[in-house]
Amino acid sequence: MPFQKVQTEKLSTSVIRQIELLILRGILRPGERLPSERELSEQLGVSRPSLREAIGELQERGLLTSKAGAGIFVADVLGSAFSESLVKLFSSHDEAVFDYISFRRDMEGLAAERAARFASDTDLKVIQTVFDKMETAHAKRNPANESRLDADFHLAIIEASHNVIMLHMMRSMYQLLREGVFYNRGIMFKQRTSRGDLLEQHRAINAALQDRDPEAARKAVIDHLEYVEQSLSDHIKAERNEAVARQRFEHEQRR
């Protein structure tokens, strides 16, 4: 008969499984510090030796890392998505910028559709909370904060789609965006017209999600990213035109 004796699972194995799932589901994020050994052992209900064994195993697997005098942190598991040479190539060609937006449009449209269908009530509360913060930042005219919350809003939607592969892939893509590899998102939030348009677009996305309307959510995301694409195209053309104008001006002064 195909039966085997039931094995009692070690406490450290249970701890490993729990922390792995928290990282897999995106609840524990890269760079996030774990509670102290005492706090974590109490929260998990295990002894410190069992906890140390689990932490050591997770460090060997590359999921956790220690910093002297600072504690245990979730490792930067997103850092290897693209090679350094490819990242530099992305940053030096406009073609990569527009392909990146096109990729986001496809993936985030799907994520919004999935979120409208599968998100829990709590997922939608998270999205609503981030949007409320965006409104507050907009009223305070804080472009840097608006730019940060823009990324948080889109990632909250991806988290609410409940697809862990999509989640980690898109987090990696957003990390490159935060580092300015593709474009400076803050530029758009410094312009009054763009700031207002972007807020209304995010409002439309949020409304569709709260109404659990998959088609409207996907369309709102696509409309938003098409606006971003056009705005960036206009900005790049304006910069090129200005560079030509400066050349003409300098040449005219020397004549």
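This report concerns the structure included in the present document. (Residues numbered from 1 in each chain as written. Predicted model: local features only at pLDDT ≥ 70, side-chain atom pairs only at ≥ 80, totals over all residues. Heavy atoms only, no water.)

**Thoughts on the overall build of the protein**
Moving on, step 1. For the protein, the helix and strand inventory stands at 11 helices and two strands.
Moving on, step 2. Starting at the N terminus and ending at the C terminus, the protein contains elements arranged as α-α-α-β-β-α-α-α-α-α-α-α-α.
Moving on, step 3. The buried share of the protein, reckoned over its 255 residues, is 38%.
Moving on, step 4. Once local pairs closer than 6 in sequence are excluded, the contacts in the protein between residues at least 24 apart make up 72%.
Moving on, step 5. Per element, the accessible surface of the protein, about 15100 Å² overall, is 51% carbon and sulfur. (Helix = DSSP H or I, 4+ residues; strand = E, 2+ residues; numbered from the N terminus. Buried < 20%, exposed > 50% of the residue type's maximum accessible area, 1.4 Å probe, protein only. Contact = heavy atoms within 4.5 Å. Areas by Shrake-Rupley, 256 points an atom, 1.4 Å probe, with all protein chains shown as cover.)

**Quick word on the packing of aromatic side chains**
Moving on, step 1. This model, assessed by the stated rule, comprises one aromatic pair.
Moving on, step 2. The interplanar angle of 55° and the centroid separation of 6.3 Å between the aromatic rings of Phe131 and Phe153 together place this pair among those described as tilted. You can see Phe131 sitting in helix H6 (residues 121–139) and its partner Phe153 sitting in helix H7 (residues 143–160), a full 22 residues away along the chain. As far as burial versus exposure is concerned, Phe131 and Phe153 are alike and both buried.
Moving on, step 3. Over the aromatic face of Phe73 sits the side chain of Lys67, whose NZ or CZ is 4.4 Å from the ring centroid. (Phe/Tyr/Trp six-rings, centres within 6.5 Å; stacked < 30°, edge-to-face > 60°. Lys NZ or Arg CZ within 6 Å of the ring centre and 35° of its normal.)

**Remarks on the nonpolar core**
Side chains that are nonpolar tend, in soluble globular proteins, to be buried together.
Moving on, step 1. In this structure, Ile127, Phe153, Ile157, Ile158 and Leu209 are the most contacted members of the largest nonpolar core, which totals 40 residues.
Moving on, step 2. Elements supplying a minimum of two residues to this core: helix H5 (94–118), H6, H7, helix H8 (164–178), helix H10 (192–210) and helix H11 (214–254).
Moving on, step 3. Residue contacts for Ile158: discarding those within four places in its chain leaves Glu108, Ala111, Met166, Leu167, Met170 and Tyr174. (Core = buried A, V, L, I, M, F, W, Y, C linked by side-chain atoms within 4.5 Å.)

**Overview of the pairing of strand S2 (residues 71–74)**
Moving on, step 1. Bridging between strand S1 (residues 64–67) and S2 involves four bridges; their strand directions are antiparallel. Opposite Leu64, over in S2, you have Val74 as the bridge partner.
Moving on, step 2. In textbook terms, the turn of a hairpin is the stretch between consecutive antiparallel strands, and for S1 and S2 this stretch comprises three residues, one of which, Gly69, has a positive phi near 75°. (Pairing = 2+ DSSP bridges.)

**Brief notes about a nonpolar patch on the surface**
Moving on, step 1. A cluster of nonpolar side chains, contributed by Leu21, Leu24, Val164 and Ile165, occupies part of the molecular surface with about 320 Å² of accessible area.
Moving on, step 2. Broken down by secondary-structure element, the contributors of at least two residues to the nonpolar patch are helix H1 (11–24) and H8.
Moving on, step 3. Structurally, Leu21 is set in helix H1. (Patch = residues over 30% accessible without salt bridge, like charges linked within 9 Å, V, L, I, M, F, W, Y side chains within 5 Å. Salt bridge = Lys/Arg side-chain N within 4 Å of Asp/Glu carboxyl O.)

**A short note on unusual backbone geometry**
Moving on, step 1. Here the phi dihedral of Arg141 falls at roughly 55°; this positive angle occurs in a residue that is not glycine.
Moving on, step 2. Note that Arg141 resides in the loop between H6 and H7.

**Comments concerning the environment of Ser36**
Moving on, step 1. Tracing the backbone through its elements, the reader meets Ser36 in the loop between H1 and helix H2 (37–44).
Moving on, step 2. Through-space distance from the C-alpha of Ser36 to that of Ala70 is 9.7 Å; in sequence the pair is 34 residues apart.

**Observations concerning the pattern of salt bridges**
Moving on, step 1. A complete count under the given rule lists 20 salt bridges for this structure.
Moving on, step 2. When the shortest N-O distance is used, the salt bridge between Arg212 and Asp121 registers 3.1 Å. Placement of the pair is Arg212 in the loop between H10 and H11 and Asp121 in helix H6, with a sequence separation of 91 residues.
Moving on, step 3. By relative accessible area, Arg212 is classed as partly exposed at 31%.
Moving on, step 4. Across the pair Arg246 and Glu242 runs a salt bridge whose closest N-O atoms are separated by 3.6 Å.

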